[in-house]
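Tertiary structure, described
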Amino acid sequence: MRFKGKSVLVTGAAGGIGLAAARRFAQEGAKLLLCDVNGELLEQVTAELVVDGGEAVSFVADLSDESQCEAMVARSVEIFGGLDIAFNNAGIPTDISIPFSEFSGDDWRKVIGVNLNSYFYCMKAEARAMKTGGAIINTASVASLVAAPNMAAYVASKHGLAGLTKAAALDLIKQKIRVNAVCPGFVRTPMMAPALSMEGAEEQLGAAAPIGRIAEPEEIADIVLFLASEEASYMVGALVSADGGVTIQ
Ligand SMILES: NC(=O)c1ccc[n+]([C@@H]2O[C@H](COP(=O)([O-])OP(=O)(O)OC[C@H]3O[C@@H](n4cnc5c(N)ncnc54)[C@H](O)[C@@H]3O)[C@@H](O)[C@H]2O)c1
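What comes next concerns the included structure. Values in this document were obtained by computation on a predicted structure and should not be read as measured data.

What follows covers the nonpolar core. Counting residues in hydrophobic clusters, the biggest one holds 34 residues, and the most contacted among them are Leu-63, Met-72, Ile-136 and Val-179. Broken down by secondary-structure element, the contributors of at least two residues to this core are strand 2 (31-36), helix 3 (66-80), helix 4 (105-129), helix 5 (152-172) and strand 6 (177-184). Residue contributions to this core peak at 9 residues, all from helix 4. Dropping the residues within four chain positions of it, Val-179 is found in contact with Met-123, Ile-136, Asn-138, Thr-165, Ala-168, Ala-169, Leu-172, Val-236, Gly-237 and Ala-238. Core analysis: the second largest hydrophobic core is formed by 33 residues, Ala-14, Leu-19, Phe-25 and Phe-87 among them.

For side chains of opposite charge, pairing can occur when their charged atoms come near one another. One pass over the full model with this rule turns up 11 salt bridges. Arg-2 is the salt-bridge partner of Glu-231, the closest N and O atoms lying 3.5 Å from each other. Of this pair, Glu-231 sits in the loop between helix 8 (217-228) and strand 7 (239-242) while Arg-2 sits in the segment before strand 1 (7-11); the two residues are 229 residues apart in sequence, bridging distant segments of the chain. Residue classification places Glu-231 among the exposed residues on the basis of a relative accessible area of 53%. For the salt bridge of Arg-188 with Glu-202, the shortest nitrogen-to-oxygen distance reads 2.9 Å.

Definitions and limits used
Residues numbered from 1 in each chain as written. Predicted model: local features only at pLDDT ≥ 70, side-chain atom pairs only at ≥ 80, totals over all residues. Heavy atoms only, no water. Core = buried A, V, L, I, M, F, W, Y, C linked by side-chain atoms within 4.5 Å. Buried < 20%, exposed > 50% of the residue type's maximum accessible area, 1.4 Å probe, protein only. Helix = DSSP H or I, 4+ residues; strand = E, 2+ residues; numbered from the N terminus. Contact = heavy atoms within 4.5 Å. Salt bridge = Lys/Arg side-chain N within 4 Å of Asp/Glu carboxyl O.

Take a look at the structure:
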């Protein structure tokens, strides 16, 4: 029960890594504000957590809009009286079938808007709400560290997020807020479902990692909870790889 009574915000909570982390936080006593742009799915998972005995409230928002990020954090403060921990995790992929020179400006702005801009908006609002310090964890990626074909917007957004995490960590530690990021490799989530549905894809993606398999979302969630906990009290601005060894080669 490392998070008993703590006010915790999770974005991108309707599925995948966000949902796995929300479940773990609920199991450890947190009071949760769960946010996602997918309202229908978010209501379902929030209800599921409450039935299982968790304390969870949903907030539907498009976090690429700054005012909606501010409203989300304000709601968390209104309901729980403050904010202790934020797991910023919402994200979208890029269409890897589109070559670099044909990728549209609109699609570029959409990816940067969700995967990078929203993290700045969220952290700004969260830092103001964390009056006595706290912990912020961002979901970066292997794409924060290396590039991949036909993924320029995603790679740029996640490299940007790595820099933003370090810069925010430097500024916010003065307010006793620790900012860190987790950098997952391939994880079995709804985002990866189309890729994984192709024959032989799971074996191929798994073989790309020295560990020989893809990750389950719970394996990333466990790292997020560690970074959020007092066990990580000396970790500031770290980009923690959780990629089965992809980036050591
Ligand atoms: N799955 C992987 O292999 C992998 C690898 C590295 C990093 N990541 C990152 O992990 C994070 C979580 O992704 P996931 O794999 O669990 O996929 P996912 O699609 O299950 O989860 C992402 C969630 O973010 C939500 N979302 C998207 N746009 C939003 C917006 N504008 N406002 C609010 N919510 C929004 C989606 O509705 C979805 O529920 C993302 O940031 C992703 O880039 C995933």
